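Chain and residue survey
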Amino acid sequence: MTCLGVIGGTGIGQLSGFVAEGQRQVETPYGAPSSGVDLGWLNGRDAVFLQRHGQPRSLPPHRINYRANLWALRECGATHVVALNAVGGIHPDAAPGSLVVPDQLIDYTWGREHTVDEGGDSPLIHIDFTWPYEASLRDELLRAGDRAGENLRDGGVLAVTQGPRLETAAEVRRLRGDGCDLVGMTGMPEAAIARELGLPYVSLCMVVNAAAGLGDEPLTLPAMKVHMSRASEAAARVLAALDLTALAAPQRR
Ligand code: HPA
């Protein structure tokens, strides 16, 4: 039995096509998640949905309780997690409005609760994070993109910055020099905590602006929202086409 967990990013208050039959408030060892977890179906398949920034939105990227969110999704039955991330595009092919499935990341965040390893008597957790996104779920996401008729760019390095401010042009030049193709604020520690909890996890990035210094449009929320609404509709169609049944059940930690 599989169940898709979706983490909604900026601009995704509700996942288009998701039919909610209820909401569950989950207590976790790490405190409260961003909101209750919506339980329901996507395209007739079991799915659960959590809005990362809260409902209504109240949490900036550095205030999100990533540990509680992932714990709550797992507690509500999620066997696989697709995270939706609004990002800026650095690579010329990552144009505003496009969807990218990154295969790597670089973590520039600081001061966030970034692990479920609390020391003490609990076993040491040194996850293998060479490939931060789970390969078979990534492949299935790309196949779902094909089935949905959406053009997903396969691969790219996501830079995860602290925010909530956007970057300077010089910072983006540095990120490009580091090999980054995309820049967002919420990809970490989420991806690492999912790995620690044994949850297969991938990111579907929605490019909502050209990164600072690279585009002509102003870096304002209204300008980003135009791309966000198109990209989030496309992302929802991709998620509806996902078929997890052929994927291995995860090993729960
Ligand atoms: N930088 C960081 N995070 C973002 C951006 C950006 O340009 N756009 C959307 N989230």
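Structure's up top.
Here we summarise the structure given alongside this text. (Residues numbered from 1 in each chain as written. Predicted model: local features only at pLDDT ≥ 70, side-chain atom pairs only at ≥ 80, totals over all residues. Heavy atoms only, no water.)

Once that is clear, we can look at the overall build of the protein chain. Along the backbone of the protein chain there are five helices and 11 strands. Computed over C-alpha atoms, the radius of gyration of the protein chain comes to 17 Å, within 12% of the 18 Å expected from 2.2 N^0.38 for 253 residues, which places it in the range of a compact globule. Across its three principal axes, the protein chain shows a C-alpha extent of roughly 45 × 45 × 35 Å. At a minimum sequence separation of 6, the contacts of the protein chain that also span at least 24 residues come to 81%. If you sum the accessible surface of the protein chain, you get close to 11300 Å²; carbon and sulfur atoms cover 52% of it. (Helix = DSSP H or I, 4+ residues; strand = E, 2+ residues; numbered from the N terminus. Rg over C-alpha atoms; globule rule 2.2 N^0.38 Å. Contact = heavy atoms within 4.5 Å. Areas by Shrake-Rupley, 256 points an atom, 1.4 Å probe, with all protein chains shown as cover.)

The subject of this paragraph is the site of the ligand. All residues in the neighbourhood of the ligand are listed as Ala86, Val87, Gly88, Leu166, Glu167, Val183, Gly184, Met185, Val208 and Asn209. At 3.3 Å from a nitrogen atom of the ligand is found a main-chain nitrogen or oxygen belonging to Gly88. Within the side chain of Asn209, a nitrogen or oxygen atom sits 2.6 Å from a nitrogen atom of the ligand. Protein burial of the ligand: of its 260 Å² of free accessible surface, 93% is covered by the chains. (Near = heavy atom within 4 Å. Polar contact = N/O pair within 3.5 Å; in protein donor to acceptor, adjacent residues only side chain to side chain.)

This part takes up the pairing of strand β3 (residues 37–42). Direction of pairing for strand β2 (residues 18–24) relative to β3: antiparallel, over a ladder of six bridges. Paired with Val19 across the strands is Trp41, a residue of β3. By the bridge criterion, five bridges tie β3 to strand β4 (residues 45–51) in an arrangement that is antiparallel. When the sheet's bridge partners are listed, Leu39 is paired in β4 with Val48. Here β3 folds back onto β4, and the loop between the two strands holds two residues, one of which, Asn43, carries a positive phi near 55 degrees. (Pairing = 2+ DSSP bridges.)

Before going further, it helps to spend a moment on the pattern of salt bridges. A complete count under the given rule lists nine salt bridges for this structure. A salt bridge links Glu113 to Arg67, with the nearest nitrogen and oxygen atoms 3.8 Å apart. Residue Glu113 is located in the loop between β7 (104–107) and α2 (135–148), and its partner Arg67 is located in helix α1 (residues 66–75); the two are separated by 46 residues in the primary sequence. Judged by relative accessible area, Glu113 falls into the exposed class, the value being 53%. Assessed through its relative accessible area of 8%, Arg67 is described here as buried. The network of salt bridges with common partners includes Arg67, Glu113 and Glu118. (Salt bridge = Lys/Arg side-chain N within 4 Å of Asp/Glu carboxyl O. Buried < 20%, exposed > 50% of the residue type's maximum accessible area, 1.4 Å probe, protein only.)

Now for the packing of aromatic side chains. For any pair of aromatic rings, the description consists of the separation of the ring centres together with the inter-plane angle of the planes. Taken as a whole, this structure holds three aromatic pairs when the rule is applied. Consider the rings of Tyr30 and Trp71, whose centres lie 5.8 Å apart with planes at 75 degrees: the pair is edge-to-face. Taken together, the residues Tyr30 in the loop between β2 and β3 and Trp71 in helix α1 connect sequence positions 41 residues apart. (Phe/Tyr/Trp six-rings, centres within 6.5 Å; stacked < 30°, edge-to-face > 60°.)

So, on to the nonpolar core. Within the largest apolar cluster, 67 residues are counted, with the highest numbers of intra-cluster contacts made by Leu15, Leu84, Leu99, Leu204 and Leu239. Ignoring sequence-local partners within four residues, the contact set of Leu15 consists of Val6, Leu42, Phe49, Leu84, Ala236 and Leu239. If you look at the next biggest cluster of nonpolar residues, it comprises 10 residues, including Ile90, Tyr108, Ala159 and Val172. (Core = buried A, V, L, I, M, F, W, Y, C linked by side-chain atoms within 4.5 Å.)

A few words on unusual backbone geometry. Generally, phi is negative for residues other than glycine and the peptide bonds are trans, each holding for most cases. With an omega of -5 degrees, the peptide bond between Gly163 and Pro164 qualifies as cis. Here Pro164 lies in the loop between β9 (157–160) and α3 (169–177). Note that the residue after Met188, namely Pro189, is joined by a cis bond; omega there is 5 degrees. Mapped onto the secondary structure, Pro189 falls in the loop between β10 (182–184) and α4 (190–196).

The next subject is the packing of α2 against helix α5 (residues 221–240). Between α2 and α5, the least distance of the axes is 8 Å, while the angle of their chain directions is 110 degrees. Classified by the angle their axes make, α2 and α5 are roughly perpendicular. Contacts between α2 and α5 involve Leu141, Ala144, Gly145 and Ala148 from the first element and Arg237, Val238 and Leu239 from the second. A breakdown of the residues in the contact of α2 with α5 according to their chemical character gives five nonpolar, one polar and one charged. (Axes fitted to C-alpha atoms, helices over the stretch in contact; angles between N-to-C directions. Parallel < 35°, antiparallel > 145°, perpendicular 65-115°, else oblique. Nonpolar A, V, L, I, M, F, W, Y, C, P; charged D, E, K, R; others polar.)

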